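For reference, the chains in residue letters:
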Amino acid sequence: MTGNPISPTIPFDQDGIHHGFLRLPYSRDDSAWGSVMIPITVVRNGDGPTALLTGGNHGDEYEGPIALQELAATLKPEGIRGRVIIVPALNHPAFLAGSRTSPIDQGNLNRSFPGKPDGTVTQKIAHFVDTVLIPMADIVLDFHSGGKTLNFVPFAAAHVLENKDQQAACVAAMQAFNAPYSATMLEIDSVGMLDTAVEQKGKVFVTTELGGGGTATARSIGIAKKGARNLLKHAGILSGGLELSSTITLDMPDGDCFVFCEHSGMIDPVIDLGDEIAEGEVIARVWQTERTGAAPIEYRAKRSGILMARHFPGLVKMGDCLAVVAKVV
Ligand SMILES: [Zn+2]
């Protein structure tokens, strides 16, 4: 017993395909004995590996939810070996609100791990994932993209890990996902992330950043759909060969990748996503919004590479992540 109040409405250990919910009691003004209902699909066919595929960890990122809705609607038990657990919108209240964090408790699910069984709604979801879903899985894919405030070149990522065998397994799975870019990722803020919770349990983990701006494109959705199926093939759950295209390998060696804004204003991008830049060159200028006649502030790359991510909205605030420059390997 984990003490977590979430009860699944479908079994995890029966063959076939089951669509249901993770039901989390949530008593509130408009529903005294109400629940948060997180959609889940479990597909199982005999013994074999288990893959956990999640999207909507942040509620304003759409490639994962779309690709996983499609997978849940089309995967056939007879087409797999083992088990696939699909949760397209893990922070479902945030997903319904179209926001990064939960409108119930302002919780950022990907900063809430390992969670608390007696905490907020978001902490309870994290705790269920940490104590029930992740332990069942051999391989975990958690889809992300930039949400409303960031935009990324489409990449799959693995992290630098102390256990080099585990890191190699994660890198192999990332390569099987086969996004147009493949990154060894440095997190600026890894505490509380699902990523860390999975990796600490010794599992194979792949994450993505497939676009952003609070929407998805035909191209970014295609990358997500292909990547999920490739990952299941790599895990031995789906049969068939991998569908592979060329990928550009990126590295984020240190904090010099990140450029943070120290002004408020309007962004005047000098380069676009995927463009090359040399150390010291201007990435973007920030114009004052309150007056004319003042020179813009120039923001420069602290290392050479390509523009991997940028602030998405036209206005930027002090402290926002303005740009990320990654090294091409
Ligand atoms: Zn995210």
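To be clear, the structure that these remarks concern was listed above.
A quick note: this is a predicted structure, and the numbers were derived from the prediction, not measured.

What counts, and where the lines are drawn
- The residue numbers shown here count from 1 along each chain, following its written sequence.
- Local features in this predicted model are restricted to residues of pLDDT 70 or higher, and side-chain atom pairs are both shown and tallied only at a pLDDT of 80 or more, whereas totals for entire chains, interfaces and linings draw on every residue.
- Each side-chain value is worked out from all heavy atoms of the structure, with water and hydrogens disregarded.
- The helix and strand labels rest on DSSP assignments: H or I over at least four residues marks a helix, E over at least two residues marks a strand, and numbering proceeds from the N terminus.
- We call two residues in contact when some of their heavy atoms are within 4.5 Å.
- Only nitrogen, oxygen and sulfur atoms count as donors, using a 2.8 Å cut-off from the metal that widens to 3.2 Å for Na, K and Ca. Water is left out, so coordination shells may look unfilled.
- Geometry is assigned from donor-metal-donor angles: four donors are tetrahedral when every angle falls between 85 and 135 degrees, four are square planar and six octahedral when opposite donors sit over 155 degrees apart with all other angles between 65 and 115, and any other arrangement is irregular.
- Strands pair, by our definition, only if DSSP identifies at least two bridges between them.
- Just to be clear on terms, a salt bridge is a Lys or Arg side-chain nitrogen sitting within 4 Å of an Asp or Glu carboxyl oxygen.
- With a 1.4 Å probe rolled over the protein chains alone, any residue whose accessible area is under 20% of its type maximum counts as buried; one over 50% counts as exposed, and the rest are partly exposed.

Mapping Q166 onto the fold places it in helix α4 (residues 164–177). Residues contacting Q166, with those up to four places away along its chain left out, are L161, E199, G202 and K203.

Looking at the zinc ion, the protein donor atoms are H58 (ND1), E61 (OE), E61 (OE) and H144 (ND1), and they sit 2.1 to 2.5 Å from it. The coordination sphere of the zinc ion comprises four donor atoms, whose angles at the metal cover 56 to 144°; the geometry is irregular.

Position of M193 among the secondary structure elements: in the loop between β9 (181–185) and α5 (194–200). Considered as a pair, M193 and F113 are 80 residues apart in the sequence and their alpha carbons are 5.7 Å apart.

Across the sheet, which stays open at both edges, the four strands sit in the order β16-β15-β13-β18 with antiparallel pairing between neighbours. Single-partner strands in this sheet number two, and they are β16 (297–300) and β18 (315–316). Strand direction decides the pairing type here: strand β15 (residues 282–287) and β16, joined by four bridges, are antiparallel. Looking at β16, one finds that V286 is bridged to I297.

Working definition: two side chains of opposite charge can pair if their charged atoms are close together. For the structure shown, the criterion picks out nine salt bridges. A salt bridge links R44 to D15, with the nearest nitrogen and oxygen atoms 2.5 Å apart. Of this pair, R44 sits in strand β3 (residues 35–45) while D15 sits in the loop between β1 (7–8) and β2 (16–25), placing them 29 residues apart in sequence. Residue classification places D15 among the partly exposed residues on the basis of a relative accessible area of 44%. Ionic pairing is found between R285 and D268, a salt bridge with its closest N-O pair at 3.0 Å. Of this pair, R285 sits in strand β15 while D268 sits in strand β13 (residues 265–269), placing them 17 residues apart in sequence. Given the relative accessible area of 22%, D268 is considered partly exposed.

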